[in-house]
Amino acid sequence: MKLLLAALLAVFAINLFAQTNYQPGYIVKSNGDTVKGYIDYREWAQTPKTINFRLNKSSGEIQPCSPQEIKGFGISGVEEYISYNGSISADKNVFPDLPGRLDTSKIQAVIFLKSIIRGNHLALYSQNDETKTRFFIAESKELPVELKYYQYYDNAHNTVERAFYRGQMIFYINKYKPVSSGLVESAQNLSFGEGQLGKLVNKINEVNYVAANTKNKRSGVRFFVGAGVIFDKIRLRDPAFQVKTNSGSFYYDIKSYSNYTSPEINLGFDLFVNPNVQRFIFRTDVSLSTLNGGVNYPITLTNYGKLKFNQYKLAVIPQLLYNIYNKEKIKFYINGGVSANFAKYSNVSSTSADIINVDLKLIDEFNSFWISIPLQTGIVINKKVEISATYVPYSKFTTFTDFTVSNQSYALGLRYFF
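Residues numbered from 1 in each chain as written. Predicted model: local features only at pLDDT ≥ 70, side-chain atom pairs only at ≥ 80, totals over all residues. Heavy atoms only, no water.

Visitor: Help me understand the packing of aromatic side chains in this model?
Guide: For any two aromatic rings, the description comes down to two numbers: the centre-to-centre distance and the angle of the planes. In this structure the tally under the stated criterion is 26 aromatic pairs. With a centroid separation of 5.1 Å and an interplanar angle of 55°, the aromatic rings of Tyr-84 and Phe-136 are classed as tilted. Here the residue Tyr-84 occupies a position in strand S6 (residues 79-89), and Phe-136 occupies one in strand S9 (residues 133-139), the gap between them amounting to 52 residues. Tyr-84 gets classed as buried once you look at its relative accessible area, which sits at 9%. Consider the rings of Phe-342 and Phe-369, whose centres lie 5.1 Å apart with planes at 45°: the pair is tilted. One end of the pair, Phe-342, is in strand S18 (residues 339-352); the other, Phe-369, is in strand S20 (residues 369-372), with 27 residues separating them in the sequence. Looking at Phe-369, the relative accessible area reads 41%, which means it is partly exposed. Among the aromatic side chains, those forming a connected cluster through ring pairs are Tyr-297, Phe-309, Tyr-345, Phe-366, Trp-370, Phe-397, Phe-400 and Phe-403. If you follow Arg-54 out to its NZ or CZ, it ends over the ring of Tyr-22, 4.1 Å from the centre. Here the guanidinium or amino end of Arg-235 rests over the ring plane of Tyr-394, the centre of that ring lying 4.0 Å away. (Phe/Tyr/Trp six-rings, centres within 6.5 Å; stacked < 30°, edge-to-face > 60°. Helix = DSSP H or I, 4+ residues; strand = E, 2+ residues; numbered from the N terminus. Buried < 20%, exposed > 50% of the residue type's maximum accessible area, 1.4 Å probe, protein only. Lys NZ or Arg CZ within 6 Å of the ring centre and 35° of its normal.)

Written as structure tokens, this is what we have:
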């Protein structure tokens, strides 16, 4: 098991840093010329500081490009960026990492801005880094201007907000839509986010014109249903089974095993870090399964009884999925997560010397909740069908004083994506 985990981590690390994802795109050179080629399109959690460009997808010299060297770049039909050279705010504005006072300091920077909306009056851009999230607005043929938003703690450690961007947006409303009093009211309650800012900019532009970078934008979520089969290996372990003899007491570590096969159905959804790349995915899986199981327990060293039970389990499994091989037609992934298991039991009994003992107290020794750690790998075909294999190491689901009952499982599954 340790070797398997080490191998998966090694594969994860190697692929994380080694893989490239060159997609059709372009760069705009400092003289204004557009050069078509391919850009290494990554799942940028922050706005990229540099990008890699080359003329041919799988060969040729790789050219690193910074905002100091080019005017902008784009991944065709997906995202567009422009270069910006000017002042930016230097404070932090993401709760709870806030300054202890109003900080309006600025620094000079040369950065890329992501294009969100372009319209006949206004364009909206965004940029985020390790310090904060910023939005910029630009009038036609004018340089972008940062929308000012500050958060900080006062002396009583209360969060104070200074939403100067609302006044900036009211200025543009009065300039381009002076008769739309409803827009002014909207701006007065405007939240600092891409969705709300984008909607207002579109209304000022009088058309729902979305920038080229979003015309082929994919959904950030997908849903699935699935079914599978689970191969359970149930283990009973008594680490200190006592045997009394004339020579004294002796203790033995006794284990017994039994194997069962059971059905499983599941449903859930995936959240993409970047829906256009789809390399990192946050998955939430909800599964239902039943287990009609049993396992031997020691009465003497040579005589065993049988513990039987029916288990009905609901598992909620948040996971992080990483596509090692990530192409349009086929993807190969690994993932790991934490399974929160909720269970009900029935028909709990113990059998000794062919006598069935239905003890109602036995059921109290079975856990209604426990945690397990599943590891999974799988293949996605044509973005619609997934075949997966799952391994779950031994996890205990009883509270017996003398022994423990746990199970290890392997599963094969089939999912269909909507």
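Visitor: What should I look at first to understand the side chain of Ser-395 in this one?
Guide: Note that Ser-395 resides in strand S22 (residues 385-396). We classify Ser-395 as buried; its relative accessible area is 8%. Once you skip the residues sitting within four places of it in the chain, Ser-395 turns out to touch Trp-370, Ile-371, Ser-372, Val-405, Ser-406 and Asn-407. (Contact = heavy atoms within 4.5 Å.)

Visitor: Would you explain the nonpolar core in this entry?
Guide: Nonpolar side chains tend to gather and get buried jointly when the protein is soluble and globular. By size, the foremost hydrophobic cluster in this structure holds 23 residues, and its most contacted members are Leu-147, Tyr-165, Met-169, Leu-197 and Leu-200. Going through the elements one at a time, strand S7 (106-118), strand S8 (122-128), S9, helix H2 (164-176), helix H3 (181-188) and helix H4 (194-205) are the ones with two or more residues in this core. Of all the elements, H2 adds the most residues to this core, at five residues. Residues within four places of Tyr-165 in sequence aside, it is in contact with Leu-147, Lys-148, Tyr-149, Leu-190, Ser-191, Phe-192 and Leu-197. (Core = buried A, V, L, I, M, F, W, Y, C linked by side-chain atoms within 4.5 Å.)

Visitor: Explain the sheet that holds strand S4 (residues 63-65) here, please?
Guide: Backbone hydrogen bonds hold the strands of a sheet together, and the pairing may be parallel or antiparallel. Strand order in this open sheet of ten strands is S4-S3-S2-S1-S5-S6-S7-S8-S9-S10, and the pairing throughout is antiparallel. Looking at which strands have only one partner, the edges of the open sheet turn out to be S4 and strand S10 (145-146). Of the pairings in the sheet, the one linking strand S5 (residues 70-75) to S6 comprises four bridges and is antiparallel in character. In the sheet register, Phe-73 faces S6, and the bridge partner there is Tyr-81. Lying over the sheet, H2 contacts S8, S9 and S10, oriented at roughly 20° with respect to S9. (Pairing = 2+ DSSP bridges. Axes fitted to C-alpha atoms, helices over the stretch in contact; angles between N-to-C directions.)

Visitor: For this particular structure, what's the right way to read the side chain of Gln-376?
Guide: With respect to the helices and strands, Gln-376 occurs in strand S21 (residues 375-381). By relative accessible area, Gln-376 is classed as buried at 9%. A polar contact is formed between the side chain of Gln-376 and the side chain of Tyr-333, at a distance of 3.0 Å. Discounting residues that sit within four places of it in the chain, Gln-376 has contacts with Arg-283, Gln-319, Tyr-333, Ile-334, Asn-335, Glu-386, Ser-388, Ala-389, Thr-390 and Arg-415. (Polar contact = N/O pair within 3.5 Å; in protein donor to acceptor, adjacent residues only side chain to side chain.)

Visitor: Is there a simple way to think about the environment of Asp-364 in this case?
Guide: Mapping Asp-364 onto the fold places it in the loop between strand S19 (355-357) and S20. Sequence spacing of Asp-364 and Val-110 is 254 residues, and the spatial spacing of their C-alpha atoms is 65 Å.

Visitor: So what exactly am I meant to see when it comes to the pattern of salt bridges here?
Guide: Opposite charge on two side chains permits them to pair, given that their charged atoms come into close proximity. A complete count under the given rule lists 17 salt bridges for this structure. The residue Lys-132 makes a salt bridge to Asp-91 at a minimum N-O spacing of 2.8 Å. Of this pair, Lys-132 sits in the loop between S8 and S9 while Asp-91 sits in the loop between S6 and S7, and the two are 41 residues apart along the sequence. Taken as a pair, Lys-132 and Asp-91 share a single burial class, namely buried. Of the charged contacts, one joins Glu-206 and Lys-177 as a salt bridge, the two residues approaching to 3.5 Å between their closest N and O atoms. Residue Glu-206 is found in the loop between H4 and strand S13 (221-245), and its partner Lys-177 is found in the loop between H2 and H3; the two are separated by 29 residues along the sequence. Residue Lys-177 is classed as buried on the basis of its relative accessible area, which comes to 19%. Look at the salt bridges and you will find they share partners, linking Arg-222, Asp-270, Arg-283, Asp-285, Glu-386 and Arg-415 into a network. (Salt bridge = Lys/Arg side-chain N within 4 Å of Asp/Glu carboxyl O.)

Visitor: Would you mind showing me how to read the environment of Leu-412 here?
Guide: Residue position: Leu-412 is located in strand S23 (residues 404-417). Judged by its relative accessible area of 48%, Leu-412 falls in the partly exposed class. Residues Leu-412 and Asn-158, spaced 254 residues apart in sequence, show a C-alpha to C-alpha distance of 51 Å.

Visitor: Got a minute to help me understand the packing of H2 against H4 in this structure?
Guide: To characterise two packed helices, one gives the angle between the axes of the helices and the distance between these axes. Viewed as axis vectors pointing N to C, H2 and H4 meet at an angle of 15°, and their least axial separation amounts to 10 Å. The orientation of H2 relative to H4 falls into the category roughly parallel. Crossing of H2 over H4 shows left-handed handedness. Between H2, through Tyr-165, Met-169, Tyr-172, Ile-173 and Tyr-176, and H4, the contact on the second element is made entirely by Leu-197, Leu-200, Val-201 and Ile-204. In terms of residue class, the contact of H2 with H4 is built from nine nonpolar, no polar and no charged. (Parallel < 35°, antiparallel > 145°, perpendicular 65-115°, else oblique. Left-handed = near helix turned anticlockwise from the far one by under 90°. Nonpolar A, V, L, I, M, F, W, Y, C, P; charged D, E, K, R; others polar.)

Visitor: Looking at this structure, I do not really get unusual backbone geometry. What am I missing?
Guide: Peptide bonds are, in most cases, trans, and in most cases residues other than glycine have a negative phi. Here the phi dihedral of Gln-278 falls at roughly 60°; this positive angle occurs in a residue that is not glycine. Even without a glycine there, the phi angle at Asn-382 is positive, about 55°. Mapped onto the secondary structure, Asn-382 falls in the loop between S21 and S22. What makes Asn-382 partly exposed here is its relative accessible area of 43%.

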